[in-house]
Amino acid sequence: MGKEMILHLLECSVDAVVYNRTIEKLEEFVSVYKKLLLNGEKAEGTGELIPAYSYEEFLTSLELPRVIWIMVEHGKAVDEVIDNLIISGIKKNDIVIDGGNSFYKDSVKRYQKLKKSGVGFLDIGTSGGLEGARNGACLMVGGDKEIFDKAKPLLDKLSNGAGLTYFGSTGAGHFVKMVHNGVEYGMLQALGEGFELLYKSPYKPDLTEVATNWLKGSVVRGWLVELLKKAFEKDGKLENISGIIGGGSTGEWTANAASELGIEIPVIEKSVEARIKSKSRPTFSGKVVAALRREFGGHEIEKKNS
């Protein structure tokens with residue numbers, strides 16, 4: 001999603017400095033950007049892409065005060081990036097944004113750590129998959145209001161008319177995104193179970209035709225059904241997918257948060273359990289969920305014979 005968001009910003013005439021610890025991935029992205037060029041010259045209205053090959057080069061290439069968007073896997077990777085930014089010379093009034101799926105309590109700790117140096121921090125839950133990242137993402141923001149206000153012009157461009165909402169103090173953005181993902185688990189699982197029932201029924205309906213029908217005025221019509229139609233058009237019986245579902249962290253966090261608050265969320269809990277079970281007992285339902293995750297997020301899938 002990070003790469004797609006950068007391409008979107010470039011098309012919005014925003015210059016972007018990009019760093020990735022894997023040089024090959026950085027070079028690959030630069031080559032993708034070059035496809036936007038016309039006869040070796042920057043397309044009119046396109047921002048400049050500036051690759052950086054170290055944290056020091058990354059920071060010195062940005063104008064002060066800097067807005068730094070982190071888009072890496074939750075947990076240790078986020079802390080490593082922040083630590084490297086601190087070591088490399090991040091300064092007071094810079095703003096660090098964690099746009100990944102971090103645990104909201106970890107975001108509070110990172111905010112407190114950066115605040116000691118006068119560095120602003122926003123936790124932003126980012127949704128919309130690859131398509132949203134490319135054309136306008138849904139952004140759920142937590143952090144100090146004054147920091148949000150400073151970053152808002154950039155966030156307006158990233159969201160491009162899609163959802164952009166400030167939800168409150170640090171942790172709120174990632175908490176809202178965590179619950180969003182928990183709901184997503186339940187919706188994906190319901191589609192998976194429904195289509196498994198259709199697949200194994202005595203009527204054997206064409207699943208692509210079912211998805212197409214449901215898109216035309218049904219109560220369950222929506223983007224997920226549209227993506228499922230695309231998945232079935234590629235592989236009518238999902239024969240090349242093993243049924244093992246990846247992910248799981250945000251759903252588990254949602255279940256734990258509900259437990260802490262004394263709230264029952266059986267649908268989400270069962271959806272999390274289904275993902276865990278899929279690793280040892282793959283099902284057609286799991287194939288559907290895995291296919292959907294690939295369609296909206298580009299998540300890797302395990303092929304049937306791998």
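Anything mentioned here points back to the structure above.
All values derive from a computational prediction rather than experimental measurement.

(A) Spatial organisation of the layout of surface pockets. In this model, the second largest pocket occupies a volume close to 170 Å³. In terms of lining, the second largest pocket is formed by Q189, E193, E196, I245, K270, A274, K277, S278, R281, T283, S285 and G286. Of all elements in the fold, only helix 8 (172-200), helix 12 (266-278) and helix 13 (284-297) reach the threshold of two or more residues within the lining of the second largest pocket. Looking at the lining of the second largest pocket, the element that brings in the most residues is helix 12, giving four residues. Across the lining of the second largest pocket, the residue classes tally to two nonpolar, five polar and five charged.

(B) Spotlight on the sheet that holds strand 4 (residues 95-98). Taking strand neighbours across the sheet as the criterion, the five strands line up as 3-4-5-6-7 in an open arrangement whose pairing is mixed. Each having just a single partner strand, strand 3 (67-70) and strand 7 (164-168) make up the two edges of the open sheet. When the angles between neighbouring strand axes are averaged without regard to direction, this sheet yields 25 degrees. Two elements, strand 3 and strand 4, share four bridges in a ladder whose sense is parallel. In the sheet register, I68 faces strand 4, and the bridge partner there is V96.

(C) Region of the structure containing the pattern of salt bridges. A full pass over the atoms with the stated rule returns 15 salt bridges. In this structure, the salt-bridge partner of D156 is K152, at a minimum N-O distance of 3.0 Å. Of the two residues, D156 and K152 are both situated in helix 7 (residues 145-159); the distance of four residues between them amounts to about one turn of the helix. Given a relative accessible area of 33%, D156 falls into the partly exposed group. On the accessibility criterion, K152 (32% relative accessible area) is partly exposed. It is possible to trace a salt-bridge network through shared partners that takes in E4, E11 and R134.

(D) Structural detail: helix 5 (residues 104-115). Here helix 5 spans 17 Å end to end across 12 residues, near enough to the 16 Å set by a 1.5 Å rise per residue. Residues of helix 5 that are buried: Y104, S107, R110, Y111 and L114. What you see down the axis of helix 5 is that its buried residues fit within an arc of 105 degrees, all on one side. Where the residues of helix 5 are buried, they touch helix 4 (76-88), strand 4, strand 5 (120-127), helix 8 and helix 11 (249-260).

(E) Up close: helix 2 (residues 23-34). Taking 1.5 Å as the rise per residue, helix 2 with 12 residues should run 16 Å; its terminal C-alpha atoms sit 17 Å apart, in good agreement. Where helix 2 is concerned, the buried positions are L26, F29, V30 and Y33. Buried residues in helix 2, looked at end-on, bunch into an arc of 105 degrees, giving them a common side. Exposed and oriented more than 90 degrees from the buried face of helix 2 are E24, K25 and K34.

(F) Broad picture of a nonpolar patch on the surface. On the surface, a nonpolar cluster with roughly 230 Å² of combined accessible area is contributed by V179, V183 and M187. Of note, V183 is situated in helix 8. For V183, a relative accessible area of 42% translates into the label partly exposed.

Rules and cut-offs
- Residues take numbers from 1 onward in each chain, read along the sequence in its written order.
- Confidence filtering applies because this is a predicted model: local features only for residues at pLDDT of at least 70, side-chain atom pairs given and counted only at 80 or more, and all residues used for totals across whole chains, interfaces and linings.
- Side-chain measures here rest on the full set of heavy atoms in the structure, leaving out hydrogens and waters.
- Cavities and pockets are found on a 1 Å grid laid over the protein atoms alone: a cavity is a set of points where a 1.4 Å probe fits but cannot escape, a pocket is an open set with protein on both sides within 12 Å along at least five of seven lines, and a lining residue has an atom within 4 Å of such a point.
- Grid points are joined across faces, edges and corners, and a volume is the space filled by probe spheres set on the points.
- The numbering of helices and of strands both runs from the N terminus, where a helix is a DSSP run of H or I of at least 4 residues and a strand a run of E of at least 2.
- Gly is placed with the polar residues, together with every amino acid not listed as nonpolar (Ala, Val, Leu, Ile, Met, Phe, Trp, Tyr, Cys and Pro) or charged (Asp, Glu, Lys and Arg).
- Think of it this way: DSSP has to see at least two bridges between two strands before they count as a pair.
- Note on definitions: angles span 0 to 180 degrees between N-to-C directions of axes, and those axes are lines fitted to C-alpha atoms, for helices only across the stretch in contact.
- The term salt bridge refers to a pairing of a side-chain nitrogen on Lys or Arg with a carboxyl oxygen on Asp or Glu at a separation within 4 Å.
- Remark: exposure states derive from per-residue accessible area (1.4 Å probe, protein chains only) relative to the maximum for the residue type, with buried under 20%, exposed over 50%, and partly exposed in between.
- Expected span of a helix, by definition, is 1.5 Å for each gap between consecutive residues, and there is one gap fewer than residues.
- Note that the arc is defined by the directions from the helix axis to the C-beta atoms.
- Note on contacts: a residue pair qualifies if any of its non-hydrogen atoms lie within 4.5 Å across the two residues.
- Here, patches come from residues exposed beyond 30% relative accessible area and free of salt bridges, joined within 9 Å for like charges and within 5 Å for nonpolar side chains (Val, Leu, Ile, Met, Phe, Trp, Tyr).
- Using the Shrake-Rupley algorithm and a 1.4 Å probe, accessible areas are obtained, with residue cover drawn only from the displayed protein chains.

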